[in-house]
Every structure is written in structure tokens, then in C-alpha cells.
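Secondary and tertiary structure notes
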Amino acid sequence: MSKYIPNEMVKEYHGKICMHSDVYFAKRNGTLYTGKICNPYKGEPSASQTAVRTKFQTACAAAKAALADATQRAALLAAFKNQKKYPTLWGYTFAQEYSKL
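Just so it is clear, the model here is predicted, and its values are computed rather than measured. (Residues numbered from 1 in each chain as written. Predicted model: local features only at pLDDT ≥ 70, side-chain atom pairs only at ≥ 80, totals over all residues. Heavy atoms only, no water.)

**Concerning the overall build of the protein**
Of regular secondary structure, the protein possesses 3 helices and 3 strands. Going residue by residue from the N terminus, the α and β elements of the protein occur as β-β-β-α-α-α. Looking at the protein as a whole, 20% of its 101 residues qualify as buried. Restricting the contact set of the protein to residue pairs at least 6 apart, pairs at least 24 apart contribute 31%. For the protein, the exposed surface amounts to about 8,400 Å²; the carbon and sulfur share of it is 58%. (Helix = DSSP H or I, 4+ residues; strand = E, 2+ residues; numbered from the N terminus. Buried < 20%, exposed > 50% of the residue type's maximum accessible area, 1.4 Å probe, protein only. Contact = heavy atoms within 4.5 Å. Areas by Shrake-Rupley, 256 points an atom, 1.4 Å probe, with all protein chains shown as cover.)

What follows is the structure in C-alpha cells.
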């Protein structure tokens, strides 16, 4: 397998190009990845899949609310600056809210 070296227009892509696309781009730990979803699941979600999705939505809403509140945002920003695991404030905040569930 050859190494993927993007041209200048592709370097900043992440996620899917459009909602109908089965090709995605990602950057993890400084490495660019591209992939294609070959056999997407088309059945109804199971109870455990629904539970995980609900937990994710709840954590996302809580993170948005926490970042919207100036007091909480300042506290989260101070804690975020003292850690190295999460590269973004959003990622750090989401992880904190997800761990509470």
C-alpha cells in the first residue's frame, strides 16, 4: 500500500465530502487517512446502538451548554490548558461530559 500524500486542496479535508459520499478523510496523530465505507449497515439500529447514540447526543448537548456558559467555559479552558490528551477545547469538554454519563 502506498502512502497517501494529498495535494494542497485536500490537506484540510476531514469527514465526508458530502452526505451522499462513502469516502472520508481523517487526520489522526498528525497522519492523514482516507477510506471508503464499502458495506454500510442498512438495518434498524439495535437497542445497544440506540443507547450509545442517545448517550452521545446527551453528552454533545451538555458540552454545548457548558461552553455557552461563560463561567463554565472559563473553568473548562483553565483545565484544558493543563492537559495534553485532547487537542481541542471541544474534545476535552465532550470527554468530560461523556464520562459523567
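Anyway, onward from the coordinates.
**A short note on the pattern of salt bridges**
Applying the stated criterion across every chain yields a total of 2 salt bridges. The closest approach of N and O atoms between Lys 36 and Asp 22, which form a salt bridge, is 3.9 Å. Of this pair, Lys 36 sits in strand β3 (residues 31–36) while Asp 22 sits in the loop between β1 (15–16) and β2 (23–28), placing them 14 residues apart in sequence. We classify Asp 22 as partly exposed; its relative accessible area is 31%. With a closest N to O distance of 3.3 Å, Glu 97 and Lys 100 form a salt bridge. Remark: Lys 100 and Glu 97 occur in helix α3 (residues 89–100); sequence separation between them is 3 residues, near one turn of the helix. Judged by its relative accessible area of 12%, Glu 97 falls in the buried class. Among the residues examined, Lys 100 registers a relative accessible area of 62% and is labelled exposed. (Salt bridge = Lys/Arg side-chain N within 4 Å of Asp/Glu carboxyl O.)

**Considerations on the nonpolar core**
Counting residues in each nonpolar core, the largest one holds 6 residues, listed as Ala 66, Leu 67, Leu 76, Phe 80, Leu 89 and Tyr 92. If we skip the residues at most four places from it in the chain, Phe 80 touches Tyr 86, Pro 87, Thr 88, Leu 89 and Tyr 92. (Core = buried A, V, L, I, M, F, W, Y, C linked by side-chain atoms within 4.5 Å.)

**Some details on the pairing of β3**
Here 6 bridges tie β2 to β3, and the two strands are oriented antiparallel to one another. Bridge pairing links Ala 26 to Tyr 33 in β3. In this structure, the hairpin formed by β2 and β3 is closed by a connection of 2 residues, where Asn 29 is found at a positive phi of approximately 55 degrees. (Pairing = 2+ DSSP bridges.)

**Some remarks on the packing of aromatic side chains**
Two numbers describe a pair of aromatic rings. These are the distance of the centres and the angle of the planes. A full pass over the atoms with the stated rule returns 5 aromatic pairs. Each ring, one from Phe 56 and one from Phe 94, has its centre 4.9 Å from the other, and the planes form 50 degrees; the classification is tilted. Pair noted here: Phe 56 is in helix α1 (residues 47–68) and Phe 94 is in helix α3, with a separation of 38 residues, a long-range link. For Phe 56, a relative accessible area of 47% translates into the label partly exposed. Judged by relative accessible area, which is 15%, Phe 94 ranks as buried. Here the aromatic residues Phe 56, Trp 90, Phe 94 and Tyr 98 are joined through ring pairs into a cluster of three or more. (Phe/Tyr/Trp six-rings, centres within 6.5 Å; stacked < 30°, edge-to-face > 60°.)

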